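Residues per chain are reported as follows:
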Amino acid sequence: LESDYPYIAQSGSCLYNKTKAFTVASGYKFVKANSTAQLKAALVNSPVAVTIEADQQVFQFYRSGVITNGCGADLDHCVLVVGYEKLDISEAFIVKNSWGSDWGQDGYVYIGTSQKQNNGQGVCGILAQPLIATN
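Read on for a plain summary of the structure. In this text the structure is predicted, and so the values were computed from the model without any measurement. (Residues numbered from 1 in each chain as written. Predicted model: local features only at pLDDT ≥ 70, side-chain atom pairs only at ≥ 80, totals over all residues. Heavy atoms only, no water.)

## Section: the pairing of strand β5 (residues 90-96)
For clarity, the cut-off: Two strands are said to pair when DSSP picks up at least two bridges between them. Under the scheme used here, helices are H or I runs from DSSP no shorter than 4 residues and strands are E runs no shorter than 2 residues, and both carry numbers assigned from the N terminus.
Bridging between strand β4 (residues 77-87) and β5 involves seven bridges; their strand directions are antiparallel. Bridging from a neighbouring strand, Lys86 pairs with Glu91 of β5. Linking β4 to β5, which pair antiparallel, is a turn of two residues; within it Asp88 sits at a positive phi near 55°. Pairing geometry for β5 and strand β6 (residues 108-112), over five bridges, is antiparallel. Pairing of Val95 across the sheet is with Val109, part of β6.

## So, the packing of aromatic side chains
Applicable threshold: Here the aromatic set is Phe, Tyr and Trp, taking the six-membered ring for Trp, and pairing holds for ring centres within 6.5 Å; pairs whose planes are under 30 degrees apart are stacked, those over 60 apart are edge-to-face, and all others are tilted. Type-normalised accessible area, obtained with a 1.4 Å probe on protein chains alone, sets the label of each residue: buried when under 20%, exposed when over 50%, and partly exposed for intermediate values.
By the definition in use, this model includes five aromatic pairs. With a centroid separation of 5.7 Å and an interplanar angle of 90°, the aromatic rings of Tyr28 and Phe30 are classed as edge-to-face. Exposure class is identical for Tyr28 and Phe30. Each is exposed. Aromatic pair Trp99 and Trp103: ring centres 5.4 Å apart, planes at 85°, arrangement edge-to-face. For Trp99, a relative accessible area of 23% corresponds to the partly exposed category. A relative accessible area of 9% means that Trp103 is categorised as buried. Taken together, the aromatic side chains of Phe59, Tyr62, Trp99 and Trp103 make up a single cluster linked through ring pairs.

## Observations concerning helix α1 (residues 36-43)
An α-helix turns once per 3.6 residues; consequently, residues spaced three or four apart project the same way. Cut-off, in case you're wondering: The directions from the helix axis to the C-beta atoms form the arc being described.
Regarding α1, the residues found buried are Thr36, Leu39, Lys40, Ala42 and Leu43. Along the axis of α1, the buried positions cluster into a sector of 160°, meaning they face one direction only.

Distances and angles like these do not, on their own, reveal function.
Here it is as structure tokens:
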């Protein structure tokens, strides 16, 4: 649980405790890449793990709104897509980051659903490698 193993923004040793671990999935399968429709369809059943480019300022210093550009698809960070919604005139994936609740909007970021960015890989590469847990 996050309460047992909270994110700490510093280098150090892993604090893994085997007695608090449990299996929630035994495997994974990829969702069809480069498809906004397929990622949305997968979200109907469960959150979807994705890899994005998070080393750009638009992501590093995100506070609010929808990220629609400013990052490519040089994938370097895993996050969890938990849903999507229409905000004003744009649509966005709701993404949970692991950097704690002081980052972004209480630990979340809105990333645009456009499939046109980054040669079909989506905003920040969000469509490039989506996967879901399997049992």
